[in-house]
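Notes for the structure review
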Amino acid sequence: MDRRWIGRTLALTDEQIAALTPAATEEAQPVELTDLDRRLLPALAADGRAAYPDLARQVGWSESAVRRRLHELRRSGVLQLDVEIVSGLFGFFVQCMLWLTVAPGRLGGVARALADDAEAAFVGTTTGPHNLVAIAVCRDTAALDTYLTERIGLLDGVDRLESALITSYVKRAAPEP
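My aim in this report is to walk through the structure given alongside it, one point at a time. The structure displayed is predicted, hence computed values, not measured ones.

Section: the state of the cysteines
Here is the idea: a disulfide is a covalent bond, and it sits between the sulfur atoms of two cysteines. As enumerated under the stated definition, the model contains zero disulfides in all. Cys 96 forms no disulfide, and the closest cysteine sulfur to it belongs to Cys 138, at a distance of 7.7 Å.

In structure tokens:
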């Protein structure tokens, strides 16, 4: 059973997701941003679905140069495409930040377990008093309560959990490079 949050990547097939996901490399090499990159990335941030001809007009480069550079950036893993949706349109009205303190020996397992949960839109390990952060998306507060108490609360290694409802987003995009 596919446990991904259905609103997150349902628009793409598994094959499309795999094609857009860069192959794992042992050590990522830093990439020097070109003048074209500095023009392209903000244009893509404004409209990630823009067509090559439109991007070429916006950045003042040829369509073939834009197409080639975007392919290189995707292949190298520098550029990854993501789909953001308004979860409320799919009946998921509650979003919650979660901060977990997990025993170090259990951190990887707990992170992977949460990543497999349909409710988890984001999971990341971090430093500080809480070593795992997540965003949960649920239909309502009752579903969130069930997720917190009957799923996360029962995971072996979770010592502490703090949560805060997200009431609104002011910004969700990454900063310009």
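What about the packing of aromatic side chains?
In this structure the tally under the stated criterion is zero aromatic pairs. Lying across the ring of Phe 92, Arg 139 places its NZ or CZ 4.4 Å from the centre.

Some details on a nonpolar patch on the surface
Among the surface-exposed residues, Val 86, Leu 89 and Phe 90 lie close enough to one another that they form a single nonpolar patch of about 350 Å² accessible area. For Phe 90, the position within the fold is in the loop between helix 5 (63-76) and strand 1 (94-102). Exposure remark for Phe 90: the relative accessible area of 47% places this residue in the partly exposed category.

Quick word on the nonpolar core
Among the nonpolar cores identified, the biggest contains 21 residues, and Leu 98, Leu 100, Leu 114, Leu 132 and Tyr 147 are the most heavily contacted of them. Every element with two or more residues in this core is listed here: strand 1, helix 6 (107-115), strand 3 (132-138) and helix 7 (141-151). Non-local contacts of Tyr 147, meaning those with residues more than four positions away in its chain, are made with Leu 98, Leu 114, Asp 117, Glu 119, Ala 120, Ala 136, Cys 138 and Ile 152. Judged by nonpolar contacts, the second largest core, of 13 residues, contains Leu 40, Ala 50, Val 66 and Leu 79.

Here's the deal with the pairing of strand 1
Counting buried residues in strand 1 gives seven out of nine residues, a clear majority hidden from the surface. In this sheet, strand 3 lies alongside strand 1 in antiparallel orientation, the contact comprising seven bridges. Looking at the pairing, Trp 99 lines up with Val 133 of strand 3. Relative to strand 4 (residues 158-165), strand 1 is paired through seven bridges, and the arrangement is antiparallel. By the bridge assignment for strand 4, Leu 100 is matched with Leu 161.

Section: the sheet that holds strand 3
Within the open sheet, the four strands sit side by side as 2-3-1-4. Their pairing is antiparallel. Either end of the sheet is taken by a strand with one partner, and the two such strands are strand 2 (120-125) and strand 4. Ignoring which end each strand starts from, the neighbouring axes of this sheet average 20° apart. Of the strand pairs in this sheet, strand 2 and strand 3 are connected by five bridges, and their pairing is antiparallel. From the neighbouring strand, Gly 124 faces strand 3, where its bridge partner is Val 133.

Scoring rules and cut-offs
- Residues numbered from 1 in each chain as written.
- Predicted model: local features only at pLDDT ≥ 70, side-chain atom pairs only at ≥ 80, totals over all residues.
- Heavy atoms only, no water.
- Disulfide = S-S within 2.5 Å.
- Phe/Tyr/Trp six-rings, centres within 6.5 Å; stacked < 30°, edge-to-face > 60°.
- Lys NZ or Arg CZ within 6 Å of the ring centre and 35° of its normal.
- Patch = residues over 30% accessible without salt bridge, like charges linked within 9 Å, V, L, I, M, F, W, Y side chains within 5 Å.
- Areas by Shrake-Rupley, 256 points an atom, 1.4 Å probe, with all protein chains shown as cover.
- Salt bridge = Lys/Arg side-chain N within 4 Å of Asp/Glu carboxyl O.
- Helix = DSSP H or I, 4+ residues; strand = E, 2+ residues; numbered from the N terminus.
- Buried < 20%, exposed > 50% of the residue type's maximum accessible area, 1.4 Å probe, protein only.
- Core = buried A, V, L, I, M, F, W, Y, C linked by side-chain atoms within 4.5 Å.
- Contact = heavy atoms within 4.5 Å.
- Pairing = 2+ DSSP bridges.
- Axes fitted to C-alpha atoms, helices over the stretch in contact; angles between N-to-C directions.

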